[in-house]
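# Tertiary structure, described
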Amino acid sequence: MKRLFSITLFLIAFIISSVFAQEKTIYKAETFASVSSGNYTPFEIVNHTWGMVPSEANNFYLRGSLLHEYKANHSWSFNVGVDAAVSTSSVYDYFWFQQLYAEARWKCLQLRAGTKEDYTSLLDPYLSSGDFISSNNARPIPEIRVGIPEFTLVPYTKGRMYFKGEFSVGKYFDSKYIAGKVFPVKGYYADNLYSHNKYFYLRFGNIEQKNRLQFTFGLNHDAQWGGTTYQYDWGKNEYVVMCDPHGFTDFLRVVVAKEGSSASANYDSLYVAGSHIGAFLFKFDYKLKNKDELSAYLQHYFDDGSGLAFLNYRDMLLGGQYKSKQKKLISNFVFEYIYTKNQTGPVNFAANEKSQHRAPNNRNGIDNYYNHSVYMQGHSYFGRSVGTPLLLSPEYNGDSYLGFRSNRIIAFHLGMEGYLNRLLQYRLSSSTGRSWGTYNNPYLKVQEGYSAGIDLIYSIHKVSGLDIKCSLAWNAGQFFKETAFGGGISIIKKGIIN
């Protein structure tokens, strides 16, 4: 009887949820082609594309995606997405799945498994130079992610404090790319890495509802861990293979940035398990009387204890933004200053310490941003920086070296967008910078460069959801690898099937 009663309740709940359910399927189709006068696609066309546009010059791709959204009731919703692409030139092969995921949401809590272009940074996704930790420059990493992805009111704070944050573990699938770069020269490399990311933001105030001013503080932490390292033994004419432990207790050590276990290969048992980077964010937003918004923000980068203690306080991304909700000539404007030259100084004596975190303050230098002595590819995926593209990605090295050759820079960046009329939108971006290389391998001559790009996006009013985007870009100087001029065109059609 009880079993029959339970089945009846389940059927009633299913029927009710089906009656009140809302669902739709969103499709998107895109074709893209670009040409360049140099060996590489111009910088401003490549970045902010989630790794879709190849860095090699003269490329073409086709892309199609389906997203099915199912909302069972006010509390539960489910999404499934698939996004596939074919390309004439890509490090991912000729065909790949750019996105493939499923996610479930209960009220403010969300669980997702798979690969999704999920921009979690609070910096502008198109006009910013790029978040230090999580930009939209590289292809997304497959992961399992759980958390609260949107700002949610914290109970008992009388509408004054909001929270968002997520926790994830993932897996790198660029082993074939890495081995193809290094194996011909019998170099040292690591592959089959795992990823871990967590972030949280606390916001005080809400300018969308009642406040004129709001302040946001947050922390974003990213790590690479586990994996297999390969070191060539020239005497035996073979690779020596070492596997880092990747069990649950090892993962917990990575989460809290603790020293690796005794079974850890390399130096993880002396310092911390895996490779860690992170950033603090401080952001003020102010709403004007006409509803426009002004923002000022600072992002502070760290990759060890000295950075956590702000000993590298000079290194930062400092920016300001003006944003309007109206379609006018200048509806969004961003200006940023990026400095990463300090890195806690040019001296590091921590090799004789139990942990770099405990080394004297004046000995914790040469932080060597985005690079790591074991995971040679550093903070990159398929050769492209997962963080800011201004620390030029390893794919531009042009040889078997997997790491970042340029991480001590001073740069200025400007981004602007608006509408020339109700159907024609423009987006302008420009950067100028100087690079000193790295502390370990400085450039003999400071490398300078300039880049600029403009996108024109025209919406065809007679065909719903049809956009044509034309891009022109130019970069000059060694800061951006070469002097080149190029252009691209995209035709995008999107809509709802049911």
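Predicted model only: the values in this text are computed from it and were never measured.

How each quantity is defined
- Residues numbered from 1 in each chain as written.
- Predicted model: local features only at pLDDT ≥ 70, side-chain atom pairs only at ≥ 80, totals over all residues.
- Heavy atoms only, no water.
- Helix = DSSP H or I, 4+ residues; strand = E, 2+ residues; numbered from the N terminus.
- Rg over C-alpha atoms; globule rule 2.2 N^0.38 Å.
- Buried < 20%, exposed > 50% of the residue type's maximum accessible area, 1.4 Å probe, protein only.
- Contact = heavy atoms within 4.5 Å.
- Areas by Shrake-Rupley, 256 points an atom, 1.4 Å probe, with all protein chains shown as cover.
- Lys, Arg positive; Asp, Glu negative; His and termini not counted.
- Charge placed at Lys NZ, Arg CZ, Asp CG, Glu CD.
- Pairing = 2+ DSSP bridges.
- Axes fitted to C-alpha atoms, helices over the stretch in contact; angles between N-to-C directions.
- Core = buried A, V, L, I, M, F, W, Y, C linked by side-chain atoms within 4.5 Å.
- Polar contact = N/O pair within 3.5 Å; in protein donor to acceptor, adjacent residues only side chain to side chain.
- Phe/Tyr/Trp six-rings, centres within 6.5 Å; stacked < 30°, edge-to-face > 60°.
- Lys NZ or Arg CZ within 6 Å of the ring centre and 35° of its normal.
- Patch = residues over 30% accessible without salt bridge, like charges linked within 9 Å, V, L, I, M, F, W, Y side chains within 5 Å.
- Salt bridge = Lys/Arg side-chain N within 4 Å of Asp/Glu carboxyl O.

A tally of regular secondary structure across the chain gives five helices and 23 strands. By the compact-globule yardstick of 23 Å for 498 residues, the chain fits well, its C-alpha radius of gyration being 24 Å. The principal-axis extent of the C-alpha atoms belonging to the chain is close to 70 × 65 × 50 Å. Buried positions account for 51% of the 498 residues belonging to the chain. Intrachain contacts of the chain at a sequence separation of at least 6 include 60% that bridge at least 24 residues. Taken as a whole, the chain presents about 24000 Å² of accessible surface, with 62% of it coming from carbon and sulfur. The averaged location of the 41 negative side-chain charges in the chain is 8 Å from the averaged location of its 51 positive side-chain charges.

Here we come to the sheet that holds strand S8 (residues 189-191). Whenever strands of a sheet pair, they do so through backbone hydrogen bonds, lying parallel or antiparallel. The three strands are arranged S8-S11-S12 in an open sheet whose pairing can be described as antiparallel. Across the chains shown, the open sheet's two edge strands, defined by having one partner strand only, are S8 and strand S12 (238-243). Averaged over all pairs of adjacent strands, the angle between strand axes in this sheet comes to 30°, irrespective of strand direction. Examined bridge by bridge, S8 and strand S11 (residues 228-233) share three bridges and lie antiparallel to one another.

Core analysis: the biggest nonpolar cluster contains 55 residues, and Tyr370 and Leu390 have the highest contact counts within it. Apart from residues no more than four positions distant in its own chain, Tyr370 is found in contact with Asp131, Phe132, Ile277, Tyr301, Gly378, His379, Ser385, Gly387, Thr388, Leu391 and Phe404. Core analysis: the next-biggest nonpolar cluster, separate from the first, contains six residues, Ala223, Trp225, Val255 and Ala273 among them.

This next bit is on the side chain of Asn332. Of note, Asn332 is situated in strand S16 (residues 332-339). At a separation of 3.0 Å, a polar atom in the side chain of Asn332 contacts the side chain of Asp124.

All chains considered together, the criterion is met by 37 aromatic pairs. Between Tyr172 and Tyr381, the aromatic rings sit 5.4 Å apart at their centres with planes inclined by 75°, giving edge-to-face as the arrangement. Here Tyr172 is found in the loop between strand S7 (161-171) and helix H3 (175-182), whereas its partner Tyr381 is found in strand S17 (residues 380-381), with 209 residues between them in sequence. Across from the ring centre of Tyr162, 4.6 Å away, lies the NZ or CZ of Arg203, which sits over that ring.

A grouping of Phe60, Leu62, Leu66, Val82, Val86, Phe95, Phe97, Leu100 and Ile497 is seen on the molecular surface, where their side chains present a nonpolar patch of about 760 Å² in accessible area. Put simply, the parts of the chain that give the nonpolar patch at least two residues each are strand S2 (59-71), strand S3 (76-87) and strand S4 (95-106). Here Phe95 lies in strand S4.

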